[in-house]
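Residue strings, one per chain:
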Amino acid sequence: MLQKILLFALVVMTTLSFGQKKILDHSDYDLWSTIQDEAISPNGSYVLYSLEKGEKDHFFKVQDDKGNFVLEYDRGQKGHFTHDSQHVIFVIKAWKDSVLAMKKRKVKKDKLPKDSLAIFHLKTKSLVKIGNVKSFKIPEKWSGYVAYQLEDVKKSEKKEEKDSIAEAKKKKDKPKKVSKKNGHHLIVRNLITNQEDTLKFVTDYLFAKKGKWLAYTSTGETKESDAGVYVRNLETNKIITAHQAPKAKYFQLGFGDSGKNLGFLVDSDTTKVQIRPNELYLWKEGQQVAEKIMDNANALNNHVVSKYGKVHFSEDESKLYFGLAKRPIEKDTSLVDEEIVNVEVWTYDEPQLYTVQELQLKNDSIQTFTTVFHLTDNKVLPIADETFMDSELGDKGNADIALAHTSRPYELARQWTARRYYDYKVVSTVNGETLHEFKKVPQIQLSPKGNYGYGYSRVDSTWFVYNLHSGKRTDLTKGQDFYSEENDYPNYPFPYGSAGWTTEDKDLLVYDRYDIWKIQPETGEKVKLTDGRGSKTVFRYLHLDEEEKAIDLNKPLLLSTFNEATKEGGYVAYDPRTNRITPLVSGPYHYSKPIKALSSNDLIFTRQSFEEFPDLRLTELDFKKPIKLSNANPQQAAYNWGTIELVHWISLDGKKLQGMLVKPENFDPSKKYPLLVNFYEKSSDRIHRHRHPRAERSSLNYSFYGSRGYVIFNPDVEYRVGYPGESAYNCVIPGVTSLIEKGFIDKDNIGVQGHSWGGYQIAYLVTKTDIFKAAESGAPVPNMISAYGGIRWWTGLSRQFQYEHTQSRIGGTPWEYPARYVENSPIFNIDKINTPLLIMHNDADGHVPWYQGIEFFVSLRRLGKPSWFLNYNGEPHWPQKLQNRKDFNIRMAQFFDHYLKGEGKPSWMERGVPPIEKGIRQGYELLEK
């Protein structure tokens, strides 16, 4: 390993010594790594992560708190520390190229390499590797065991069958019938003694969170035995058969945290009845068998016990929660195809559009109503019902009240208002009574202890709380600026969010644009905890404990900072007791949300900039001595990269604007550079984000194009309601001309690229200006009139809300503002386009109907305008498959290089790719000039 590092360093030094840096190419995507699944051990002494190289293979790493490598394992990933920080458990996968080669040889799926499990002891450095592993689990809050399922149960069945046939031949008898079982063998391994026990044909398993218990379901320990639920005490090794029945099926295993209570569902009926006779069972420590709590015969409100409702306990284990459901509509299975009417009936006043109902069909068919069973007195009470179908529990299920809600009465208007309202009821978990109801209010969340429901009303721009015991509503911020100050949608502004509640539901911490405010929920009394507005510094609370219920103001807090003027990030320590802020670290970087060790002050974080990859760093809460751990991409030093800076200009309507400008690393202001403009809305706050070379799904890769000699400009856009196209023109074009005036931009070689909303704006711009020599417009909307009546197929929602109240910013309907729709639709001015266009729009786009891209292309084609259309079959709003993303990046680069650099035209631009050649010849080859 050391020899490889020295050799690489020698190559980099040799390259740099001669002043010749490499230029990024598409093949270089495979050289870049990203950090995945990083974690810090509970005691803070170790850090693990994997480097995913080129979106293919993973390289697993474990380092100690001095930065030394404790373990490096090729192909390792998905690592976990045990709770005692003694072991690391991770998965080993086959090399992806090897698997691909096997697939090319038509190797059957069941013959492809299976995952292995690795168990590494951090002190002894011993490593155990186990092959053919399907899954694994470790306890969350205790240590000493790992359980894993094997993939090869079917092999043992085949061997048993083969042995049976061989034995029968010897005896000249009929072979014994081998019973087929579902499930996989589960191995329970003691990490201290290394002893292993095999549990056969296991279909589900889990450890208790805190107590040393294991529960599992099996289709039978032996070929002849019945299916069952088993509970194993891992301290005594005693196994209890909680339930057993021939061919029974089990669902929703749920332990209490202690492991002393277990709930589960049973379907022991072997017939094919449509309404399944599920039964709810409860096992308690000390019982030999579980007791049945409920079945369909005694379910509340003529409901049925649902296998889809989560079975879980309150944190104090006094309550068991489960799900009931409406009796399903039974199908007439005697009908044949010729008798079944296949028609959709859409109704004008249904709460949900038919397309939404269709997509929600599965969710609706498994909808459950939360129900509670009290372990102390065996009471069963409904929380949710057929009207108030969804619910939220307070204080991790301990609270004596819950909140149930429905949005159904307001779903119809939501398709054009883009606002959701709900009806709520406060339900007593003690007696099931409805205590209060709140009608047509915005979404409400529960405070940690369940005393309050709180939310934000966009209509009157105020945070509010309901006292759930008294039903009293208090408006906390009415008339004050706790809403988005930069809102430019034709809608009421969103809030900046909240940090959460303090202990015992004492105060709610709410954000304004810059600061954190403490608000008393009963009186609305406010205290500003930070003071960022004067310096334009944004303070936000960082939750370092994943299980934190509430914020403790009796100890120091870690806050993130972001300065709107300089774009610098950082961390500060805030002591609520003294109201003192102590700067810890800041700079021209974007800082991540840290991950803190469970039982020490150690944490890991990253910082990044355009030039610096976000490598992992280890430090303590004071950030005084950070250690850089990872070095994911040392090869970057050998490549021509680039720099990034903020630029400023004035829009055509007099607004001060800013944007990002990327220059090549060897930038010379006396030269003329081709310019690529790429934008969406406002991106300048992301100036310090790193952009490593990769096959982007819909945008320019800034490091790639900067390395190849392009200057890249990303201007912020401020919008005027009703005139989004004109707004883009007023902001972008003067930004471009301001760069031309600086003298280093080749005014005759400027391109523009954008996707979705960016794709629309580009389609608009090229109807108004010839400043661009080439343009790529992805998933554009050239016709706002036809798009208004379209469907967002991923959700089934009508697109009306988008034009009336959100991103498209028209501010009304086509019959209210017909001129706005026409003025903002490029389709009506396509004859004025003189810019060659590359359009990418995929036929499975669930955001923008792909016929919009077709409308654009066929109109350009009708007028003989140079244009090309890319449709990646079966891909959504952007290509997701790696091969398709690489293809898109190659074609886009060839397109811009041809028009802006004068390079040869690729074959696909000259003659297309005929259907007969699709997937065979890509047409990348360049034609002679």
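Residues numbered from 1 in each chain as written. Predicted model: local features only at pLDDT ≥ 70, side-chain atom pairs only at ≥ 80, totals over all residues. Heavy atoms only, no water.

Time to look at unusual backbone geometry. In the Ramachandran plot, E317 falls in the positive-phi region, its phi being about 60 degrees despite a non-glycine side chain. As for its placement among the helices and strands, E317 is situated in the loop between β21 (312-313) and β22 (319-325). Since its relative accessible area comes to 12%, E317 is described here as buried. Positive phi values are uncommon outside glycine, yet F623 reaches one of about 60 degrees. Structurally, F623 is set in the loop between β44 (616-620) and β45 (627-628). (Helix = DSSP H or I, 4+ residues; strand = E, 2+ residues; numbered from the N terminus. Buried < 20%, exposed > 50% of the residue type's maximum accessible area, 1.4 Å probe, protein only.)

Looking now at the packing of aromatic side chains. Think of a pair of aromatic rings as described by two things: how far the centres are apart, and how the planes are tilted against each other in angle. Across all of its chains, the model carries 45 aromatic pairs by this definition. Each ring, one from W142 and one from F207, has its centre 5.6 Å from the other, and the planes form 85 degrees; the classification is edge-to-face. On the criterion of sequence distance, the pair formed by W142 in the loop between β9 (133-137) and β10 (145-150) and F207 in strand β12 (residues 196-207) is long-range, its members being 65 residues apart. Residue classification places W142 among the buried residues on the basis of a relative accessible area of 6%. Clustering of aromatic rings is evident, with ring pairs tying together Y571, Y589, Y591, F605 and F623. (Phe/Tyr/Trp six-rings, centres within 6.5 Å; stacked < 30°, edge-to-face > 60°.)

This part takes up helix α13 (residues 851-862). Look at α13: 16 Å from first C-alpha to last across 12 residues, which is about the 16 Å you get at 1.5 Å a residue. Those residues of α13 not exposed but buried are Q852, G853, F856, F857 and L860. Down the axis of α13, the buried side of the element spans an arc of 130 degrees, and every buried residue falls inside it. Residues of α13 that are exposed and point over 90 degrees away from its buried face: R861 and R862. Immediately downstream of α13, the backbone of G864 shows phi near 70 degrees, a positive value. (Expected span 1.5 Å × (residues − 1). Arc of directions from axis to C-beta.)

Okay, the sheet that holds strand β47 (residues 656-663) next. Ordered by their spatial adjacency, eight strands build an open sheet running β46-β47-β49-β48-β50-β51-β54-β55, and the pairing between neighbours is mixed. Both edges of this open sheet fall to β46 (643-650) and β55 (867-870), since each of them pairs with a single strand only. Each strand of the sheet is rotated relative to its neighbour by a mean of 20 degrees, with strand direction disregarded. The sheet contact formed by strand β51 (residues 774-778) and strand β54 (residues 837-840) spans four bridges and is parallel. Within β54, the residue paired with A775 across the bridge is L837. Contacts from helix α9 (residues 757-765) reach β50 (745-755) and β51, with the element oriented near 135 degrees to β50. Packing of α13 onto the sheet brings it into contact with β51, β54 and β55, and relative to β55 it is tilted by some 155 degrees. (Pairing = 2+ DSSP bridges. Axes fitted to C-alpha atoms, helices over the stretch in contact; angles between N-to-C directions. Contact = heavy atoms within 4.5 Å.)

A few words on the pairing of strand β5 (residues 76-81). A regular strand places its side chains so that they alternate between the two faces of the sheet. By the bridge criterion, four bridges tie β5 to strand β6 (residues 87-92) in an arrangement that is antiparallel. Each residue of the ladder has a partner; that of Q77, found in β6, is V91. Between β5 and β6, which pair antiparallel one after the other, the connecting turn spans five residues, and S85 there sits at a positive phi close to 60 degrees.

What follows concerns the sheet that holds β6. Read across the sheet, four strands follow the order β5-β6-β7-β8 without closing on themselves; strand pairing throughout is antiparallel. Looking along the sheet, the strands with just one partner apiece sit at the ends: β5 and β8 (127-130). The average angle at which neighbouring strand axes cross in this sheet is 20 degrees, direction not considered. Relative to strand β7 (residues 116-121), β6 is paired through six bridges, and the arrangement is antiparallel. Within the sheet, the bridge partner assigned to H87 lies in β7 and is H121.

For the structure on display, the rule yields 53 salt bridges. Its salt-bridge partner being K141, residue E547 comes within 3.8 Å of it at the nearest N-O pair. Here E547, found in the loop between β37 (537-541) and β38 (557-563), pairs with K141, found in the loop between β9 and β10; they are 406 residues apart in sequence, far enough to count as distant. Residues D385 and K425 are paired through a salt bridge, measuring 2.7 Å at the closest nitrogen-oxygen approach. With D385 in the loop between β24 (380-382) and β25 (390-393) and K425 in strand β27 (residues 422-428), this residue pair connects regions lying 40 residues apart in the sequence. Among the charged side chains, a network of salt bridges with common partners joins E485, E486, D512, R513, R533, E564, K682 and E718. (Salt bridge = Lys/Arg side-chain N within 4 Å of Asp/Glu carboxyl O.)

With respect to the helices, strands and loops of the structure, H755 is situated in strand β50. H755 gets classed as buried once you look at its relative accessible area, which sits at 7%. Sequence-distant contacts of H755, that is, excluding residues within four places in its chain, are made with Y680, S698, G778, A779, M840, H877 and W878.

A few words on the environment of L265. Relative to the assigned elements, L265 resides in strand β17 (residues 261-267). Note on L265: relative accessible area 1%, which makes it buried. Separated by 28 residues in the primary sequence, L265 and I293 have C-alpha atoms spaced 10.0 Å apart. Residue contacts for L265: discarding those within four places in its chain leaves K249, Y250, F251, Q252, E279, L280, V305, S306, K307, G309 and V311.

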